[in-house]
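Secondary and tertiary structure notes
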Amino acid sequence: ASDARADFLLGKQLSVQVDFPDHNTSTTPVIFTANGTNNVNLSGGNIVNVDMIVSDTTIEFIYKQAAFFNPASFNGYVIKAISPDIPAFTALTVDPATTMAGFTNSRLSFTANTLDINVQGLSSSMGTILKLDLVVAPNAVPEPSSIVMAGVGGLGVLAAVRRRRRRRRACV
């Protein structure tokens, strides 16, 4: 399951490209703004006709034709965070709605701002769905115990300053 974050991808810019037969050979990246309803169509040349829909914490590919993805070191999609305010990706998993036979988490890899989705050796038919769930770094919210510790530390500093002032007054 994905971490619900209203500020993760919606309204942010991403790019997607197809890499085949490895990461050194890529299509021109398509830059888009995620809005949960836009269909980013990846097609043309030797590229399979597929729509990609990016919501706040999911990426869904809906295949528009039957296809076989040739075996290679990499044959798939590379999605990159373009907007600088996108939190780091911390997990990427296959959603249960996925209907692409043979697609497992082992075909996914990611860094803080790049997702690799390798479909090499698999096939799709019209209507095949490949849906992924994203988890991102949580918002920086201090834990209550951290706030208490900071408060106790601050009180300790104040007590030490007060004690020092009393000692100086007593010596004068």
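What counts as what
Residues numbered from 1 in each chain as written. Predicted model: local features only at pLDDT ≥ 70, side-chain atom pairs only at ≥ 80, totals over all residues. Heavy atoms only, no water. pLDDT = per-residue confidence, 0-100. Helix = DSSP H or I, 4+ residues; strand = E, 2+ residues; numbered from the N terminus. Contact = heavy atoms within 4.5 Å. Phe/Tyr/Trp six-rings, centres within 6.5 Å; stacked < 30°, edge-to-face > 60°. Buried < 20%, exposed > 50% of the residue type's maximum accessible area, 1.4 Å probe, protein only. Pairing = 2+ DSSP bridges. Axes fitted to C-alpha atoms, helices over the stretch in contact; angles between N-to-C directions. Core = buried A, V, L, I, M, F, W, Y, C linked by side-chain atoms within 4.5 Å.

Some details on the confidence of the model for the chain
- Across the chain, the average pLDDT comes to 83, with 77% of residues at or above 70.
- Per-element mean pLDDT across the chain ranges from 65 in helix 1 (residues 144–171) up to 95 in strand 10 (residues 114–118).
- Here residues 1–5 is modelled with pLDDT under 50, and outside its nearest four sequence neighbours on either side it reaches 16 contacts, counting other chains as well.

Structural notes on the packing of aromatic side chains
- Scanning the entire structure with this criterion turns up three aromatic pairs.
- Aromatic side chains F8 and F89 sit 5.8 Å apart centroid to centroid with 90° between the ring planes, which places their arrangement in the edge-to-face category. Highlighted residues: F8 in the segment before strand 1 (13–19) and F89 in strand 8 (residues 89–94), separated in sequence by 81 residues. Taken individually, F8 and F89 each receive the classification buried, so the pair is uniform in this respect.

Topic: unusual backbone geometry
- Geometrically, the link from F20 to P21 is a cis peptide bond, its omega value of 5° lying close to zero.
- Inspection of the secondary structure puts P21 in the loop between strand 1 and strand 2 (30–33).

Some words on the sheet that holds strand 2
- One open sheet accounts for five strands, arranged 2-1-7-10-9; its pairing is antiparallel. Each edge of the sheet is formed by a strand with only one pairing partner; in this case those strands are strand 2 and strand 9 (108–110). Neighbour to neighbour, the strand axes of the sheet diverge by 20° on average, direction disregarded.
- Looking at chain direction, strand 1 and strand 2 are connected through four bridges and run antiparallel. Its bridge partner being in strand 2, Q13 is matched across the sheet by T33.

Some thoughts on the environment of P84
- Of note, P84 is situated in the loop between strand 7 (76–81) and strand 8.
- Separated by 29 residues in sequence, P84 and N113 have C-alpha atoms that sit 9.5 Å apart.

Notes on the pairing of strand 12 (residues 129–136)
- Note that strand 5 (residues 58–63) and strand 12 share five bridges and pair antiparallel. When the bridges of strand 12 are listed, F61 appears paired with L130.
- Pairing between strand 8 and strand 12: five bridges, direction antiparallel. Within strand 12, the residue paired with V94 across the bridge is L132.

Let's talk about the nonpolar core
- Ranked by internal contacts, the top residues of the largest apolar core, which has 35 residues, are M52, F61, Y63, Y77, I79, F103 and I117.
- Listing elements by their share of this core, those giving two or more residues are strand 1, strand 3 (40–44), strand 4 (47–54), strand 5, strand 7, strand 8, strand 10 and strand 12.
- Discounting chain neighbours no more than four positions away, the residues touching M52 are V16, F32, N38, N39, V40, I59, E60, F61 and I79.

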